[in-house]
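# Observations on the model geometry
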Amino acid sequence: IDMDLTDVVKLIRGKKGTKVKLTLVRQSGAKSETKDVVLVRDKVDMKDQAAKLSMVDRTVDGHKIKVAVIDLPSFYGGSDRGGRSGYEDMVRLVQEANEKKADAMVLDLSSNGGGILQDAVRISGLFIRQGGVVATQDGKQNREILSDEDPRVQFKGPLVVLTSRQTASA
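Residues numbered from 1 in each chain as written. Predicted model: local features only at pLDDT ≥ 70, side-chain atom pairs only at ≥ 80, totals over all residues. Heavy atoms only, no water.

### Some words on the packing of helix α2 (residues 86-99) against helix α3 (residues 117-124)
The cut-off we apply is this: Inter-axis angles, ranging from 0 to 180 degrees, are taken between N-to-C directions of lines fitted to C-alpha atoms, where helices are fitted over the stretch in contact. Helix and strand assignments follow DSSP, with helices taken as H or I runs no shorter than four residues and strands as E runs no shorter than two, numbered in order from the N terminus. Orientation categories follow fixed angle ranges, with anything under 35 degrees roughly parallel, anything over 145 roughly antiparallel, 65 to 115 roughly perpendicular, and all other angles oblique. Each crossing gets its hand from how the near helix is turned against the far one by less than a right angle, where anticlockwise is left-handed and clockwise is right-handed. When checking whether two residues touch, look at their non-hydrogen atoms; a contact exists if any pair is within 4.5 Å. Amino acid classes used here: Ala, Val, Leu, Ile, Met, Phe, Trp, Tyr, Cys and Pro are nonpolar; Asp, Glu, Lys and Arg are charged; the rest, including Gly, are polar.
In contact at an axis separation of 9 Å, α2 and α3 are set at 20° when each is read in the N-to-C sense. Viewed along their axes, α2 and α3 adopt a mutual orientation that is roughly parallel. As for the relative orientation of α2 and α3, their crossing is right-handed in sense. Along its contact with α2, which presents Gly86, Tyr87 and Met90, the element α3 presents Asp119, Arg122 and Ile123. Of the residues in the contact of α2 with α3, the class split is 3 nonpolar, 1 polar and 2 charged.

Have a look at this one:
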């Protein structure tokens, strides 16, 4: 209860094939119920969770356009993905979309449950000149605004950001 996510992950990681029992507490009004879930540890291929680019051709008002679709399932970095960085992957994918002459872009965050906040800020900076991206507030009501300081914009075409109830801070 009330454990830091990093500490929880340390407890979940372990030797392949061993079991982990998680106790979930679900609150429903004044009533709460607990449920035990047993997971078997296995190797997870993080490449499947990395950002991916696909190109889609569409016709809009009689004009053919190329749309770059980037699926970003989490804001990852460092040891989270075996040394991969969501920001570096996004830089590479946006550059690839530009090289493929994308007319527009869709950034799909609909299954993005969050991750490294600083990576989210840096990724936002690929699409804006400068400015505040997110504000955080601690238990003492101290606010911190995380901003993009880099005036460069990596993609200047139309951008649609897809979110859902699963998207962190949607």
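Text resumes after the structure shown.
### Topic: the side chain of Asp108
Put simply, the rule is: Accessible area is worked out with a 1.4 Å probe on protein chains only. A residue is then buried under 20% of its type maximum, exposed over 50%, and partly exposed in between. We count Lys and Arg on the positive side and Asp and Glu on the negative side, and we leave His and both chain ends out. Note on definitions: salt bridges are taken to be side-chain nitrogens of Lys or Arg within 4 Å of carboxyl oxygens of Asp or Glu. In the analysis that follows, any N or O atom pair within 3.5 Å is treated as a polar contact, provided that within protein one partner can donate a hydrogen and the other can accept it, and provided that, for residues neighboring in sequence, both atoms belong to side chains.
Tracing the backbone shows Asp108 in strand β5 (residues 104-108). One buried charged residue, Asp108, forms no salt bridge at all, with the nearest opposite charge on Lys52 at 10 Å. There is a polar contact of 2.5 Å between the side chain of Asp108 and the side chain of Ser110. Contacts of Asp108, omitting those with residues within four sequence positions, involve Ile70, Asp71, Leu72 and Leu162.

### Re the sheet that holds β5
What counts is decided by this rule: Any two strands with at least two DSSP-identified bridges between them are counted as paired.
If you walk across this open sheet you meet the 4 strands as β3-β4-β5-β8, and the pairing is mixed. Two strands in the sheet have a free side with no partner beyond their single neighbour: β3 (52-60) and β8 (159-162). Across the sheet, the mean angle separating the axes of adjacent strands is 20° when strand polarity is ignored. As defined by bridge partners, β3 adjoins strand β4 (residues 63-71) across 9 bridges and the pair is classed as antiparallel.

### Examining the pattern of salt bridges
If you walk through the whole model with that rule in mind, you get 7 salt bridges. With a shortest N-O distance of 3.0 Å, Lys100 and Glu96 are connected by a salt bridge. Overall, Lys100 belongs to the partly exposed group, its relative accessible area being 37%. Residue Glu96 is classed as partly exposed on the basis of its relative accessible area, which comes to 26%. For the salt bridge of Asp150 with Arg152, the shortest nitrogen-to-oxygen distance reads 2.7 Å. A cluster of three or more residues bridged by salt bridges with shared partners is formed by Arg84, Asp89 and Arg92.

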